[in-house]
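Per-entry structural report
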Amino acid sequence: MSVFAPVIQEEFLYFIWQFQYVATQTLTTSDGEIVEVLHPGFRNHNAGPDFLNARLLIAGVEWVGTVEAHVKTSDWLAHRHQGDPAYDNVILHIVWNNDRPVPRPDGTRLPTLELASLTSGTLLEKYQALTQGTDAIPCAGQFRMVKPLRQTAMLDTALMQR
């Protein structure tokens, strides 16, 4: 892995969260509360929080609501979510870098899960290779490594979906 800090985009966090590519160890918030993901929620492609209808156990209590993702925790404030009622149902703030606590309107801290330490180095290396590559299609070089039968199946699936 590179000695330079990778440039992380929120889309990478969406991918990690949606497909639960986090370490298998116990997940804990920045305040030490244990998090169990019952369902990560559904990706929201409209305005508002990034995942809808997530189901989580946080400190043994089941929560159903939305999940918001940011590269840095302070982006919550930079994006002015603290004054937007659309974010009042956020039950978990997932971030790459937890650089400051974020208060809820009632003064309690928004539960925050920092993903940087929970993401495998291999996944991060693949992300960097895809995002920093110069090919027009980032994964084009990997296509030749796929067995012909699998290529045909993938192309058939893409055709059917289209």
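Description of the structure in this document. (Residues numbered from 1 in each chain as written. Predicted model: local features only at pLDDT ≥ 70, side-chain atom pairs only at ≥ 80, totals over all residues. Heavy atoms only, no water.)

What about the pairing of strand 6 (residues 90-97)?
Of all eight residues in strand 6, seven are buried, a share of seventy percent or more. The pairing of strand 5 (residues 61-72) with strand 6 spans six bridges and is parallel. Residue pairing for strand 6: H70 is matched across the bridge by V95. Here strand 6 pairs with strand 7 (residues 112-114) via three bridges, running parallel. What sits directly across from V95, in strand 7, is E114. (Buried < 20%, exposed > 50% of the residue type's maximum accessible area, 1.4 Å probe, protein only. Helix = DSSP H or I, 4+ residues; strand = E, 2+ residues; numbered from the N terminus. Pairing = 2+ DSSP bridges.)

A word on unusual backbone geometry
The phi torsion at Q20 lies on the positive side, around 55°, for a residue other than glycine. Note that Q20 resides in the loop between helix 1 (10-18) and strand 1 (27-28). Look at Q20 and you get partly exposed, because its relative accessible area is 26%. For N53, which is not a glycine, the phi torsion comes out positive at approximately 60°. As for its placement among the helices and strands, N53 is situated in strand 4 (residues 51-58).

Side note on the pattern of salt bridges
On inspection of all chains with the given rule, the structure shows three salt bridges. Measuring nitrogen to oxygen at the nearest pair gives 4.0 Å for the salt bridge that ties R43 to D50. For D50, a relative accessible area of 7% gives the class buried. (Salt bridge = Lys/Arg side-chain N within 4 Å of Asp/Glu carboxyl O.)

What to know about the environment of H81
Mapping H81 onto the fold places it in the loop between helix 2 (75-78) and strand 6. Excluding its chain neighbours within four sequence positions, the residues that come into contact with H81 are E68, H70, W76 and Y87. A polar contact is formed between the side chain of H81 and the side chain of H70, at a distance of 3.2 Å. (Contact = heavy atoms within 4.5 Å. Polar contact = N/O pair within 3.5 Å; in protein donor to acceptor, adjacent residues only side chain to side chain.)

Details of the packing of aromatic side chains
In total, this model carries six aromatic pairs according to the counting rule given. Note on F15 and F19: the rings are 5.5 Å apart at their centroids and 55° apart in plane angle, and the pair reads as tilted. We classify F15 as partly exposed; its relative accessible area is 34%. Linked through ring pairs, F15, F19 and Y21 together constitute an aromatic cluster. Positioned above the aromatic ring of Y14 is the side chain of R43, whose terminal nitrogen or guanidinium carbon lies 3.7 Å from the ring centre. Here the guanidinium or amino end of R104 rests over the ring plane of W63, the centre of that ring lying 5.7 Å away. (Phe/Tyr/Trp six-rings, centres within 6.5 Å; stacked < 30°, edge-to-face > 60°. Lys NZ or Arg CZ within 6 Å of the ring centre and 35° of its normal.)

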